[in-house]
Amino acid sequence: MSLLSVQGLSVRIGALDILRDVSFEMEPGEVLGLVGESGSGKSITALGIMRLLPEVMSVEGAILLQGEALDKLSERRMCARRGRDVGMVFQEPMTALNPLHTIGDQVAETVRLHTRTGRRAARQRAREVLDRVGLEHIGLARFPHELSGGQRQRVVIACAIALAPKLLIADEPTTALDVTTQGEILDLLRRLVREDGMGLILITHDLAVVAKMADRIAVMQLGRIVERGLVTEVLHRPTHDYTRALLAASRHQPVRAARAEAATVLDVRDVVRSYPGTRRLLGRAPPVEAVRGVSFSLHQGENLGLVGESGSGKSTLARALLGLEPVQGGAITLGGQVMDAAAPRALRRRIGVVFQDPFGSFDPRWTVERLIAEPFHLLDNAPPRRPAVEEVLRSVGLQPRDADRHIHAFSGGQRQRIAIARALIIRPDVILLDEAVSALDVQVRAQILDLLAELSARFEVSYLFISHDLSVVRAITDRVMVMQAGRIVESGQTEAVFAAPREAYTRQLLAATPRLPDGIAT
Amino acid sequence: MLMRFMQRLFSLIVTLIVASILIFCVIEVLPGDPAAFMLGMNAEPEAVAALRAQMGLDAGLVARYFTWIGGWLTGDFGTSYTYRVPVAELIADRVWVSLPLALYALGLSTVIAFPIGIVAAMRRGRAADYGIMGATQLGIAIPNFWFAMFLVVIFAINLRWVQAGGFPGWHDPVAAIRALTLPAISLALPQASILARIMRSALIDTLDEDYVRTARAKGLSRSGVVRAHALRNAMIPVLTIIGLQFSFLLAGAIIIENVFYLPGLGRLLFQAINQRDLIVVESTVMLLVMAVVVVTFLVDLAYAIVDPRLRR
């Protein structure tokens, strides 16, 4: 008997089909990779199996877990299955734990809910489970906010596997984590599957993660499974066009012209950014140095990458470069002038920025025209607004009439195009791209990378491309810098650094990055 | 935690000192000489001057401020100009009406608001939610003195369950509580309505949080999630409002005290202002400020008990 059998699962909101006739089987100990772009129905499938979909959605179809029909159970009996027979891990570890309860209590809760275990025995069990997920050194009495993102994700996993469920569903469990932590969490999940013989549904948009982890794969598009099979077969011989398109986008490399050596536009010398220590009863803790003496220069039209894991100081450096924060040492010069927190508008207009979350960086009540023209306040003689906005909208592949719409009317990729238009409209020398494509689906990401390459060639604008995603940095940059604990530990031509990294840390980052196997069809 | 406690304690003391100076200065610039007022329109200037000297009004500003504060620290608030009794006694009598009334009303408000706020949040968008939201809208809109008179008509005049007004004193606790019941209900109605709405929206916000979904995935039922996870997370805004409501109830019951002829702090203050009994005004206002500041301090500490992220 198969472990899980989903038969004809369909989900609807009113007349809108979200999931159409999804069916698949899983054997015990098997890892199923569920891939597809956002909105393809991956998470809906997972929540449908858990029966945790919002009540406005109507659900049809059968879900059999070891022959037992979960879809027929009463809500009370279903509660007894969740956490005991089926566990689930979510994408966002920073918010997936209750901030007010200790991690020990949160793991013990799973045990106490489903078994007649006393408080003490449940804590004992929680300790064992936390040890198992690699948190031996973390006390039960710690609170989530005292832990890093990777540690929190281990706690969430501990909650899910405390009672050794038969099936574990992990919904983008590593998307919010940086590359080294992602590698560790994936290794942990694989070890748990092997040791407990449980089935794992791994939901991800990253084909490389599936290639590394899964036995079988199901590709979803628009609420349907369009292709399924063994990972090795599907990745090497995809039969569906959509799978082929996803694979092509995953390893997309924008075409970029070779560049001649050009003048320096941004020069950073020995920059130090430190924060005052936390206040104590008397005095303060020692200051925290987030950036410790960073030097580099960026040439006209150059694409420079900055990689490193979270907490390495990338974003702090970015804020200093934008003149949003003072530096405690060194100097930043932009086009020969000193950039600091007191920089004049005329200097600020020479550097633009695009952030990770396009939606969060726009005022939802403004029209796109007003949003894109916002940097005009940096200009003394702003050109007429409408023609300028229409021109830049065309440059980023949108329509002039989009200027009259509001931001909620656009998809994630279109929003990022609008963010790029906003940075581009005052023709800066440098655009800082802070994880600018990290939240995008692979196909959209490929399009945005093409757009960036084209704009760079056309307007001679330089990019500082900050990302924890090494494959993206490799595709788009000329040179790359690797940052660790506030310092740049390695830098050089991108291909040279990726092909033959000198530093152990760089090698470690590269090794942790999941890659599609060589020789697969595209 | 100790760090936070010390910080808050320090800011509490500074606030009280600043408040005492402000109160003192405002009372000083108020028009109307208490001595002249006490002696009437036709008093001789010499008599007024003599009385001023006797009352200590002729000393310098700074000296009088320190006399006042020194008195406060030793429990001597001076003597009322009009009643000729120690201010401390006057206030103490009134506190024993106003404080229990405020606590009674706050207790009622909380006991009513919590369950209906929780039910509205859990049944968001359904009939029960709309019904509760409509009722709380009404509860906020009805003026509480009108509601108080409505209660008097029903329960005191028609049903004769309680007295229409007055306060018998605490020597008969049952009678005292009966006397405070209608005022407490009238005070609690708008407060409960506000608190229920805050409870509902805070709980709806927390029910949308990721950790609620995690808890559901562990096998908690919908109501189990509210009990074990959502409720405590929703407490920060609710505690804030409870703190504000207590301060308001302590001093803001003037109208209700008048409707029910209760000898509370609000009426004392009202009468003292009319009679230019500034020494009573000064000390009553200072006491109310103290109550507000202390409650804020306690609410601040309660935040830290609820939320471990604030325990630093």
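Residues numbered from 1 in each chain as written. Chains lettered and ligands numbered in written order. Predicted model: local features only at pLDDT ≥ 70, side-chain atom pairs only at ≥ 80, totals over all residues. Heavy atoms only, no water.

### A closer look at the domain arrangement of chain A
Interface size is commonly expressed as the accessible surface area that is lost when the partners come together.
Residues and elements named next belong to chain A.
Inference 1: Each domain of chain A was delimited in the assignment, giving domain 1 (4–250) and domain 2 (263–276 + 286–350 + 461–522).
Inference 2: Using only C-alpha atoms to locate each centre, domain 1 and domain 2 end up separated by 34 Å.
Inference 3: Between domain 1 and domain 2, the contact holds 15 residues from the first and 16 residues from the second.
Inference 4: When domain 1 packs against domain 2, the two sides together hide about 1300 Å² of surface, and 69% of this comes from carbon and sulfur.
Inference 5: Three residues, Asp178, Val179 and Thr180, lead the burial of domain 1 against domain 2; their summed loss comes to 39% of the area buried on that side.
Inference 6: Our count for the contact surface shared by domain 1 and domain 2 stands at zero salt bridges.
Inference 7: Across the contact surface, domain 1 and domain 2 share two residue pairs in polar contact (both at pLDDT 80 or more).
Inference 8: When residues of the side of domain 1 that touches domain 2 are traced back to their parent elements, those giving at least two are helix H6 (179–196), helix H7 (207–213), helix H8 (231–236) and helix H9 (241–250).
Inference 9: Looking at the side of domain 1 that touches domain 2 residue by residue, the class counts come to nine nonpolar, five polar and one charged. (Domains from an automatic or database assignment. Contact = heavy atoms within 4.5 Å. Buried area = accessible area lost by both parts, 1.4 Å probe. Salt bridge = Lys/Arg side-chain N within 4 Å of Asp/Glu carboxyl O. Polar contact = N/O pair within 3.5 Å; in protein donor to acceptor, adjacent residues only side chain to side chain. Helix = DSSP H or I, 4+ residues; strand = E, 2+ residues; numbered from the N terminus. Nonpolar A, V, L, I, M, F, W, Y, C, P; charged D, E, K, R; others polar.)

### Some thoughts on the packing of aromatic side chains
Inference 1: Evaluated as defined, the whole model comprises 10 aromatic pairs over all chains.
Inference 2: Seen in terms of ring centroids, Phe147(B) and Phe150(B) are 6.3 Å apart; in terms of plane orientation they differ by 25°. Their pairing is stacked. Taken as a pair, Phe147(B) and Phe150(B) lie in helix H7 (residues 144–158) at a separation of three residues, close to a single helical turn.
Inference 3: For Phe147(B), a relative accessible area of 13% gives the class buried.
Inference 4: For Phe150(B), a relative accessible area of 38% translates into the label partly exposed.
Inference 5: In textbook terms, an aromatic cluster arises when at least three aromatic residues are bridged by ring pairs, as seen for Phe24(B), Tyr65(B), Phe66(B) and Trp68(B).
Inference 6: One residue, Arg273(A), lies across the ring of Tyr275(A), its end atom 4.3 Å from the ring centre.
Inference 7: Above the ring of Phe410(A), the side-chain terminus of Arg405(A) is found at 4.7 Å from the ring centroid. (Phe/Tyr/Trp six-rings, centres within 6.5 Å; stacked < 30°, edge-to-face > 60°. Buried < 20%, exposed > 50% of the residue type's maximum accessible area, 1.4 Å probe, protein only. Lys NZ or Arg CZ within 6 Å of the ring centre and 35° of its normal.)

### Points about the interface of chain A and chain B
Inference 1: Each side of the interface is counted separately: chain A has 29 residues, and chain B has 25 residues.
Inference 2: Across the chain A/chain B interface, buried area totals approximately 2500 Å², and carbon plus sulfur atoms make up 59% of it.
Inference 3: Connecting chain A to chain B are three salt bridges.
Inference 4: Two residues, Arg126(B) and Glu55(A), come together in a salt bridge whose shortest N-O distance is 2.8 Å.

### Thoughts on helix H13 (residues 265–274) of chain B
All names here are of chain B.
Inference 1: The complete set of buried residues in H13 reads Leu265, Gly266, Arg267, Leu268, Leu269 and Ala272.
Inference 2: Summarising the contacts, the buried residues of H13 are in contact with helix H5 (87–122), helix H11 (235–251), helix H12 (254–259) and helix H14 (278–306).
Inference 3: Just downstream of H13, Arg276 is the residue with a positive phi angle, here 55°.

### Some thoughts on the environment of Gly165(B)
Inference 1: Within the secondary structure layout, Gly165(B) lies in the loop between H7 and helix H8 (173–207).
Inference 2: For Gly165(B), a relative accessible area of 29% gives the class partly exposed.

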